[in-house]
Amino acid sequence: MEILFEYHDVATSDRLEAHAKEKLETLVTRYDFVIRADVFFKTENTTNDNTGKICGIRLSAPGPRLFSESSFDNFYDAVSKTVNELSKQLEKRKDKMKTY
């Protein structure tokens, strides 16, 4: 699987990329039909201290692309939440793909 990273108003980070790759590898081992992942990191000024670090992930798989985004006070939690949401979407997609 190919993973592309994009940073908007954020400095690049090898540790952050490694964390995202580790989380995405769990999805790829469960769902082998995932072809590509685009990971977006950006910051946003918010009035809430618990948000502002945004992670968005777009997955390419058979059918429409899957997308999820979450905002937390750090990128590591945002990546974890986003991958969990994508896992739920992939499970639904896998159920639809089953042949009877």
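Keep in mind the model is a prediction, meaning the values are calculated, not measured. The residue numbering used here restarts from 1 in each chain and proceeds along that chain's sequence as written. Local features in this predicted model are restricted to residues whose pLDDT is 70 or higher, and side-chain atom pairs enter the listing and the counts only when it is 80 or higher, whereas totals over whole chains, interfaces and linings include all residues. As a rule here, side-chain values cover all heavy atoms of the structure and leave hydrogens and water aside.

Here's the deal with the pattern of salt bridges
Here is step 1 of the chain: Salt bridges are counted wherever a side-chain nitrogen of Lys or Arg sits within 4 Å of a carboxyl oxygen of Asp or Glu. Inspection of every chain in the model, using the stated rule, returns 5 salt bridges.
Here is step 2 of the chain: Close ionic contact of Arg30 with Glu91 constitutes a salt bridge, the shortest N to O distance being 3.3 Å. Here Glu91 lies in helix α2 (residues 75-97) and Arg30 lies in helix α1 (residues 14-30), a separation of 61 residues in the sequence.
Here is step 3 of the chain: The partner of Arg36 in a salt bridge is Asp38, with the nearest N and O atoms 3.1 Å apart.
Here is step 4 of the chain: We classify Arg36 as partly exposed; its relative accessible area is 30%. Secondary structure elements follow DSSP: runs of H or I of four or more residues count as helices, runs of E of two or more count as strands, with numbering from the N terminus. Accessibility here uses a 1.4 Å probe with only protein chains present; expressed as a share of the type maximum, an area under 20% marks a residue as buried, one over 50% as exposed, and anything in between as partly exposed.

A few points about the packing of aromatic side chains
Here is step 1 of the chain: Stacked, edge-to-face and tilted labels apply to pairs of Phe, Tyr and Trp rings (six-membered ring for Trp) whose centres lie within 6.5 Å, assigned for plane angles under 30 degrees, over 60, and everything in between, in that order. Summed over the entire model, instances satisfying the criterion amount to 4 aromatic pairs.
Here is step 2 of the chain: Centre to centre, the rings of Phe5 and Phe41 are 6.4 Å apart; their planes meet at 5 degrees, and the pair counts as stacked. Of this pair, Phe5 sits in strand β1 (residues 2-8) while Phe41 sits in strand β2 (residues 36-43); the two residues are 36 residues apart in sequence, bridging distant segments of the chain. In this structure, Phe5 and Phe41 share a single accessibility class: buried.

Section: the sheet that holds β1
Here is step 1 of the chain: By this definition, two strands are paired if DSSP reports at least two bridges between them. With mixed pairing, the 4 strands of this open sheet are ordered in space as β1-β2-β3-β4. Each edge of the open sheet carries a strand with a single partner, namely β1 and β4 (66-72). This sheet shows a mean twist of 15 degrees between the axes of neighbouring strands, independent of strand direction.
Here is step 2 of the chain: Here strand β3 (residues 53-60) runs beside β4; their pairing, made up of 7 bridges, is antiparallel. By the bridge assignment for β4, Lys53 is matched with Phe72.
Here is step 3 of the chain: Every residue pair with non-hydrogen atoms within 4.5 Å of one another is taken to be in contact. Lines fitted to C-alpha atoms define the axes, with helix axes restricted to the stretch in contact, and inter-axis angles between N-to-C directions lie between 0 and 180 degrees. Against the sheet, α1 touches β1, β2 and β3, its axis set at about 140 degrees to β1.
Here is step 4 of the chain: Contacts from α2 reach β2, β3 and β4, with the element oriented near 150 degrees to β4.

Quick notes on the environment of Val34
Here is step 1 of the chain: Relative to the elements of secondary structure, Val34 occurs in the loop between α1 and β2.
Here is step 2 of the chain: For the pair Val34 and Lys21, spaced 13 residues apart in sequence, the C-alpha separation works out to 14 Å.
Here is step 3 of the chain: For Val34, the residues in contact, after removing those within four places along its chain, are Met1, Leu59, Ser60, Ala61 and Leu90.

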